[in-house]
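Fold and contact review
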Amino acid sequence: MSEVKISAETRTEFGKGAARRIRRDNKVPGVLYGHGSDPVHLTLPGHDLLLALRTPNVLISLDIDGKTNELAIPKAVQRDAVKSYLEHVDLQLVKRGEKVTVEVPVHAEGELAAGGNLLEHVLNALPVEAEATHIPEAVTVSVEGLEAGASVLAKDITLPSGVTLAVDADAVVLQVLAAQAEEAPEGAEGEGEEAAEA
């Protein structure tokens, strides 16, 4: 996994007004924490951060005030619900060689068995433990030919070297559901009518 370099500045202004001013300058307020150190409040460039966050669990090399370099991974990202711009980011301090627990997106590939079956993602992301500098961007699972009723468990997923599960091995990640029978919608409508009459 590649590192993304971002220049950040420490900030001393807090509160909604300060945050609004930061965002008006196309920057994002954030906080860096971890390893028992005091949280460091930062201002980060909005565009660079937005591009970096397109990669799940991106490793960010922070140049803080041109004085210190720190490695961090995003732990919480707040976006505006309507306009989707970044409102705030929490970054966790990491060190090279350190193991971290993260959630990695699960991608399914292949065609299910014929019959209009549906694939349900019980877990969209798989909790794993990996070295901070070797976090996989995603894990891929083949669902080729799976029949209705089949499940893919966490232990069935092949993980890259050095990556281990951080969830119960028997946790269901994907399952194949049978296509719904035609009568189902009518039954649902009937229930709604009864509820309306009551």
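All values reported here derive from a predicted model rather than from experimental measurement. (Residues numbered from 1 in each chain as written. Predicted model: local features only at pLDDT ≥ 70, side-chain atom pairs only at ≥ 80, totals over all residues. Heavy atoms only, no water.)

Here we have four strands laid out as an open sheet, ordered β10-β7-β9-β12, and mixed in their pairing. Across the chains shown, the open sheet's two edge strands, defined by having one partner strand only, are β10 (139-142) and β12 (164-165). (Pairing = 2+ DSSP bridges. Helix = DSSP H or I, 4+ residues; strand = E, 2+ residues; numbered from the N terminus.)

On to the confidence of the model for the protein chain, then. Scored by pLDDT, the protein chain comes out at a mean of 83, with 89% of its residues at no less than 70. Across the protein chain, β12 holds the top mean pLDDT of 94, while helix α3 (residues 183-197) sits lowest at 48. (pLDDT = per-residue confidence, 0-100.)

Turning our attention to the sheet that holds strand β1 (residues 3-10). Taken in spatial order, the six strands of this closed barrel run β1-β3-β2-β6-β5-β4, and their pairing is mixed. Ignoring strand direction, the axes of neighbouring strands in this sheet form an average angle of 45 degrees. Pairing of β1 with strand β3 (residues 37-45) involves two bridges; the strand directions are antiparallel. The partner of threonine 10 across the bridge, within β3, is leucine 42. With respect to the sheet, helix α1 (residues 16-24) is in contact with β2 (27-34), β3 and β6 (86-94), its orientation differing from that of β2 by roughly 115 degrees. (Axes fitted to C-alpha atoms, helices over the stretch in contact; angles between N-to-C directions. Contact = heavy atoms within 4.5 Å.)

Once that is clear, we can look at the side chain of asparagine 57. The residue asparagine 57 is located in the loop between α2 (46-52) and β4 (59-64) in this model. Within polar-contact distance, the side chain of asparagine 57 engages the backbone oxygen of glutamate 103 at 2.8 Å. (Polar contact = N/O pair within 3.5 Å; in protein donor to acceptor, adjacent residues only side chain to side chain.)

As a further point, take the pattern of salt bridges. Counted according to the given criterion, the structure contains three salt bridges. In this structure, lysine 27 engages glutamate 9 in a salt bridge whose closest nitrogen and oxygen atoms are separated by 3.7 Å. Of this pair, lysine 27 sits in strand β2 while glutamate 9 sits in strand β1; the two residues are 18 residues apart in sequence, bridging distant segments of the chain. You can call lysine 27 partly exposed: its relative accessible area is 29%. The exposure class assigned to glutamate 9 is partly exposed, which follows from its relative accessible area of 40%. (Salt bridge = Lys/Arg side-chain N within 4 Å of Asp/Glu carboxyl O. Buried < 20%, exposed > 50% of the residue type's maximum accessible area, 1.4 Å probe, protein only.)

By size, the foremost hydrophobic cluster in this structure holds 22 residues, and its most contacted members are Ile73, Val94, Val100, Val102, Leu126, Ile157 and Val173. For this core, the elements supplying multiple residues, two or more each, are β5 (68-79), β7 (99-109), β9 (125-131), β10 and β13 (172-177). No other element matches the four residues that β7 contributes to this core. Those residues in contact with leucine 126 that sit more than four places away from it in its chain are Val102, Glu103, Val104, Val106, Val139, Ala154, Ile157, Leu159, Leu165, Val167 and Val173. Counting 18 residues, the second largest nonpolar core, distinct from the first, contains Ile6, Leu44, Leu49 and Val58. (Core = buried A, V, L, I, M, F, W, Y, C linked by side-chain atoms within 4.5 Å.)

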